[in-house]
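# Notes for the structure review
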Amino acid sequence: MSLLGIDIGGSGVKGAPVDLATGEFEAERMRIDTPHPSEPKAVAAAVAQITAHFGGTGPVGVTFPGVVLHGVTRTAANLDRSWIGVDAAALFGEATGRPVSVLNDADAAGIAEMRLGAGRGARGTVAIFTLGTGIGSALFTEGVLLPNTEFGHLELDGHDAESRASAKVREDEDLSWDKWAHRLSVYLRHVEKLISPTLIVLGGGVSRKADKFVPLITGVSAPIVPAALHNNAGIVGAAMVAAAARP
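Let us look at the structure shown here. (Residues numbered from 1 in each chain as written. Predicted model: local features only at pLDDT ≥ 70, side-chain atom pairs only at ≥ 80, totals over all residues. Heavy atoms only, no water.)

### Some words on the packing of helix H3 (residues 105-116) against helix H7 (residues 233-244)
Where H3 contacts H7, the two axes come as close as 7 Å, and the packing angle between them is 85°. With respect to each other, H3 and H7 are oriented roughly perpendicular. Together, Ala 108, Ala 109, Ile 111, Ala 112, Glu 113, Arg 115 and Leu 116 of H3 and Ala 233, Gly 234, Val 236, Gly 237, Ala 238, Met 240 and Val 241 of H7 make up the contact between the two elements. Looking at side-chain class alone, the contact of H3 with H7 contains 10 nonpolar, two polar and two charged residues. (Axes fitted to C-alpha atoms, helices over the stretch in contact; angles between N-to-C directions. Helix = DSSP H or I, 4+ residues; strand = E, 2+ residues; numbered from the N terminus. Parallel < 35°, antiparallel > 145°, perpendicular 65-115°, else oblique. Contact = heavy atoms within 4.5 Å. Nonpolar A, V, L, I, M, F, W, Y, C, P; charged D, E, K, R; others polar.)

What follows is the structure in structure tokens.
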């Protein structure tokens, strides 16, 4: 069985139909630049365009880069602030004409990694971080998700953590891998003090280059591994959640 997953990010809206048994895409991924300004109706139109491109009538899973409670978006760090308080599930459902499940983007990526990726079979507390425009986080204890952790917004030395250590910051500031790994080390050491994970998984598109920075991370006791599904994890997890919501 396959279902459509759509991943909304600060720079792009991406989607594909997903084989739920393997996590593989059943068609080439479609990507649309995130509208600017990234207001709800504009982003919903992008979601509708991707949905129409692939066709079908089944449920759709959509990720959102912020806190999502019962389909309502409560924060919007990397999208327009007009998203705060929006019933995103209803908005996307109206735009697509399909049943839509909405969840935090890092939580979706974490679900996919725990079922089919680097966290599969892991025991204890697993912390999954998506390194992109910001830093998303997903926390699992014995395989159970604690949603909407948003550890990317922890304060470090007077700064929002993701404003110092996201993948976008590395590019914007033209940081060497070594300098960026130092910033990640500081961040991950802080997180480790708070939650004592037994495994750390680093995702996002930059995880494809894990060999350039993971070996440079220092002072962290927990094993650190790259995400197996890389930047596709959000789409895969969104489709999984849509499947679980089917009547």
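### Some remarks on the layout of surface pockets
Put simply, the largest pocket is a space of about 830 Å³. Forming the walls of the largest pocket are 44 residues, and the residues nearest its centre are Leu 131, Gly 132, Thr 133, Gly 134 and Asn 231. Where the lining of the largest pocket is concerned, the elements lending two or more residues are strand E1 (2-8), strand E2 (12-19), H3, strand E9 (125-131), strand E10 (135-141), helix H5 (167-172) and H7. A class-by-class count of the residues in the lining of the largest pocket yields 13 nonpolar, 19 polar and 12 charged. Residues from two domains meet in the lining of the largest pocket; each of domain 1 (2-107 + 232-245) and domain 2 (121-226) gives at least three. (1 Å grid on protein atoms, 1.4 Å probe; cavity = no way out; pocket = protein on both sides within 12 Å on 5 of 7 lines; lining within 4 Å. Points joined across faces, edges and corners; volume = space filled by probe spheres on them. Domains from an automatic or database assignment.)

### What about the environment of Ser 101?
Topologically, Ser 101 is positioned in strand E8 (residues 100-104). Given a relative accessible area of 16%, Ser 101 falls into the buried group. Between the alpha carbons of Ser 101 and Ala 89 there is a distance of 6.0 Å; along the sequence they are 12 residues apart. With near-sequence residues (within four places) excluded, Ser 101 lies in contact with Val 60, Gly 61, Val 62, Val 241, Ala 242 and Ala 245. (Buried < 20%, exposed > 50% of the residue type's maximum accessible area, 1.4 Å probe, protein only.)

### Observations regarding the pattern of salt bridges
Following the criterion strictly, the structure yields four salt bridges and no others. Among the ionic pairs, Arg 123 bridges to Glu 142, the shortest N-O distance being 2.8 Å. Taken as a pair, Arg 123 in the loop between H3 and E9 and Glu 142 in the loop between E10 and strand E11 (144-146) lie far apart in primary sequence, 19 residues in all. Between Asp 172 and Lys 168 there is a salt bridge, with its nearest N and O atoms 2.7 Å apart. In this pair, Asp 172 and Lys 168 are both assigned in helix H5, four residues apart and thus about one turn of the helix distant. Residue classification places Asp 172 among the exposed residues on the basis of a relative accessible area of 52%. (Salt bridge = Lys/Arg side-chain N within 4 Å of Asp/Glu carboxyl O.)

### Description of the pairing of strand E14 (residues 199-203)
Of all five residues making up E14, five are buried, and the element is well covered by its neighbours. The alternating pattern of E14 places Leu 199, Val 201 and Gly 203 and Ile 200 and Leu 202 on opposite faces, both of which are buried. Of the strand pairs in this sheet, E14 and strand E15 (residues 224-226) are connected by three bridges, and their pairing is parallel. Each bridged residue has a counterpart across the sheet, and for Val 201 the counterpart in E15 is Val 225. (Pairing = 2+ DSSP bridges.)

### A closer look at the packing of aromatic side chains
Counted under the stated rule, the structure contains six aromatic pairs. Between Trp 83 and Phe 92 the ring centres are 5.9 Å apart and the planes differ by 45°, which places this aromatic pair in the tilted class. Taken individually, Trp 83 and Phe 92 each receive the classification buried, so the pair is uniform in this respect. Ring geometry for Trp 177 and Phe 213: centres 5.8 Å apart, planes at 10°, overall stacked. Placement of the pair is Trp 177 in helix H6 (residues 177-195) and Phe 213 in the loop between E14 and E15, with a sequence separation of 36 residues. (Phe/Tyr/Trp six-rings, centres within 6.5 Å; stacked < 30°, edge-to-face > 60°.)

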